[in-house]
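# A structural walkthrough
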Amino acid sequence: SVFLYGTLSLVVVFSIHILSQLVCPFFFLQVYKVKILIFISYISTLKVVPRDPNQPKLVFSWVPFLGNGVEFGMNPIGFIQKCQKLYGDVFTFKLVGKSVTVCLGADGNQFVFNNKQNLSSAAEAYNDMTKHVFGFDVVYDAPHSVFMEQKRFIKAGLTLESFRAHVPLIVKETTEFFKDFKKPTGYMDAYSTFSKLIICTASRCLMGKEIRSALHEGVADLYYDLDQGFQPINFMFPNLPLPSYRRRDVAREKMAELYSKIIRRRKEENDTSNNDLLQALIESTYKDGTPIPDHHIAGMMIAVLFGGQHTSATTSAWTTLELANRPDLVQALREEQIAKLGSLKADLTFENLKELTLMEACIKETLRLHPPIFQMMRKVIADKVVFEKTGHEIPKNDFLCAVPGATQVDEQYFNEPLTYNPYRWIEKSDPVHQMEVGEDANADYGFGIVGISSRSPFLPFGAGRHRCIGEQFGYLQLKAVMATVIRLYDLSLEEGKGVPESDYTSMVVVPKHPANVVYTCRE
Ligand code: HEM
């Protein structure tokens with residue numbers, strides 16, 4: 001019936017078009033007529049053609065091709081919550097020519113994150129964009145088993161020993177960074193401030209001292225150009241003949257050359273003294289014994305920088321904004337440091353940061369309310385996949401979409417879900433803590449045991465085979481930065497302003513501008 005209706009509507013549209021050409025001599029009018037006819041035919045197709053009843057309901061949209069893109073782009077969580085009320089936990093919407101099937105709730109998370117590799121693929125969803133930034137033969141551009149090996153190398157490079165060395169470096173970078181704030185009190189834009197800080201801390205700990213010292217001699221510009229190739233437009237249109245796309249390609253090549261030079265020098269001079277991720281990758285070999293080629297190492301390093309930079313920058317910005325709104329919490333965090341570490345002057349270390357449970361709860365609460373990556377996609381590569389819980393069939397080429405950003409503010413799982421309340425993680429009285437989520441079977445995908453259930457509604461680091469491997473480093477970095485910031489400054493928001501709304505127009509969710517924090521030096 002779909003075929004019949006489609007053919008019939010085409011015949012009708014073309015007959016009317018030919019008739020209109022005969023009747024109307026003005027070309028532009030004909031163009032308008034054709035557009036109107038296509039639009040009418042599009043709407044009537046949506047309204048009249050019966051959709052396969054096994055497939056999820058299709059969200060209505062007035063706009064061909066763009067679909068629900070504008071509404072989703074402006075407020076994705078609001079859009080998804082609205083659709084959930086209308087269609088339930090599983091529905092499909094159109095996003096700039098793509099069909100996206102959203103699977104909500106704990107079961108939706110489990111379905112998307114636990115889907116078998118031969119049924120749906122993250123690489124098919126992301127690689128068109130990421131290969132131009134990370135480079136070729138790494139991450140999603142490598143065969144899946146090779147990518148899992150690459151994840152194992154990175155994970156193995158993030159050892160407890162390296163974490164111990166990282167904490168003083170992060171504290172030093174943070175203290176030095178804020179020395180540039182000459183005035184005893186003033187405004188800082190939360191996101192841009194913490195982006196600048198995190199690129200220093202992350203590159204110092206992970207990229208190596210060579211990259212850190214070259215940061216202000218061109219590396220930051222290369223990073224900026226690469227970043228311009230990592231925007232939502234690149235997800236929609238991975239390769240356009242535009243200057244920003246060309247600059248992205250040049251920056252990637254220069255970055256790879258830079259890494260090759262550093263790797264060569266370290267190898268030639270037999271310099272094994274560096275306790276960073278780069279050194280760990282230089283010393284690793286693939287399962288078959290081959291050393292990792294330099295361009296793979298460079299690609300992995302760029303991927304790690306992108307995996308960790310924006311996510312940690314926006315999380316520290318949101319935490320600062322939330323704390324600026326809650327002086328009582330800042331006070332409690334300082335008291336925690338005095339009680340657990342002895343004073344606000346005690347050195348921060350990997351060991352004593354573990355004792356700062358309220359600080360950790362604050363970061364966790366930020367990740368619940370403001371997850372940097374609120375939705376994750378996979379592309380269906382089998383003829384169809386079946387969501388057993390509801391019986392829905394999702395056809396080949398559709399995108400599956402898990403949205404932890406929605407489950408994390410669902411009152412089914414969290415009490416007063418929109419309130420910033422870090423104590424919920426200490427008291428454990430929310431419904432999420434009473435849920436039995438179990439552990440995923442077969443939880444080693446090639447990069448070590450993944451000790452978490454993908455059925456959990458709280459998944460700011462994802463789950464399953466694509467789960468984040470930077471979680472521990474992320475928490476460590478965020479705790480060290482925030483513990484230092486509250487020692488240095490009293491924080492508040494501008495008079496009459498609250499915590500800003502979310503801006504969804506970049507790849508991670510950032511605070512809407514202006515997002516100023518008033519800082520006042522404590523010494
Ligand atoms: C994957 C979030 C920090 C490296 C992921 C995913 C999420 C995430 C949600 C899953 C993506 C998906 O399933 O499609 C975060 C957050 C961070 C953070 C919120 C900090 C607050 C880091 C850091 C690193 C890193 C510091 C590097 C050391 C990675 C890698 C993956 C990943 C390599 C694997 C991607 C895959 O297998 O497809 N991260 N991340 N992340 N993250 Fe992170």
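Scroll up to find the structure this text is about.
Here the structure is a predicted model, which means the values were calculated and not measured.

Glancing now at the overall build of the protein chain. Secondary structure summary: the protein chain contains 22 helices and 13 strands in total. Counting only residues that meet the buried cut, the protein chain has 52% of its 523 residues in that class. At a minimum sequence separation of 6, the contacts of the protein chain that also span at least 24 residues come to 70%. For the protein chain, the exposed surface amounts to about 24,500 Å²; the carbon and sulfur share of it is 58%.

Attention now moves to the environment of Pro-372. Along the chain, Pro-372 falls in the loop between helix 18 (357-369) and strand 6 (376-380). C-alpha of Pro-372 to C-alpha of Thr-311: the two residues are 61 residues apart in sequence and 5.4 Å apart in space. With near-sequence residues (within four places) excluded, Pro-372 lies in contact with Thr-311, Thr-314, Thr-315, Leu-367, Met-507, Val-508 and Val-509.

Let us now look at the nonpolar core. Core analysis: the largest hydrophobic core is formed by 141 residues, its most contacted members being Ile-80, Phe-93, Val-102, Phe-134, Tyr-259 and Val-403. For Val-403, the residues in contact, after removing those within four places along its chain, are Ile-77, Ile-80, Val-102, Cys-103, Leu-104, Asn-109, Phe-374 and Gln-375. One finds Ala-106, Ala-361, Trp-425 and Val-432 within the second-largest nonpolar core, a separate group that totals seven residues.

Counted under the stated rule, the structure contains 29 salt bridges. Asp-107 serves as the salt-bridge partner of Arg-455, at 3.0 Å between the closest nitrogen and oxygen. With a gap of 348 residues between them, Arg-455 in the loop between helix 21 (431-434) and helix 22 (471-488) and Asp-107 in helix 5 (residues 105-114) connect regions that are remote in the sequence. Glu-210 serves as the salt-bridge partner of Arg-265, at 3.0 Å between the closest nitrogen and oxygen. Here the residue Arg-265 occupies a position in helix 13 (residues 243-268), and Glu-210 occupies one in helix 10 (residues 209-213), the gap between them amounting to 55 residues. For Arg-265, a relative accessible area of 27% corresponds to the partly exposed category. Three or more residues joined by partner-sharing salt bridges are found here, namely Glu-210, Arg-265, Arg-266, Glu-269, Asp-271 and Asp-276.

With that settled, consider the pairing of strand 13 (residues 516-521). Relative to strand 13, strand 5 (residues 185-189) runs antiparallel, the two sharing five bridges. Along strand 13, the bridge assignment pairs Tyr-187 with Val-518. Looking at chain direction, strand 10 (residues 489-493) and strand 13 are connected through five bridges and run antiparallel. From the neighbouring strand, Ser-492 faces strand 13, where its bridge partner is Val-518.

Analysis parameters
- Residues numbered from 1 in each chain as written.
- Predicted model: local features only at pLDDT ≥ 70, side-chain atom pairs only at ≥ 80, totals over all residues.
- Heavy atoms only, no water.
- Helix = DSSP H or I, 4+ residues; strand = E, 2+ residues; numbered from the N terminus.
- Buried < 20%, exposed > 50% of the residue type's maximum accessible area, 1.4 Å probe, protein only.
- Contact = heavy atoms within 4.5 Å.
- Areas by Shrake-Rupley, 256 points an atom, 1.4 Å probe, with all protein chains shown as cover.
- Core = buried A, V, L, I, M, F, W, Y, C linked by side-chain atoms within 4.5 Å.
- Salt bridge = Lys/Arg side-chain N within 4 Å of Asp/Glu carboxyl O.
- Pairing = 2+ DSSP bridges.

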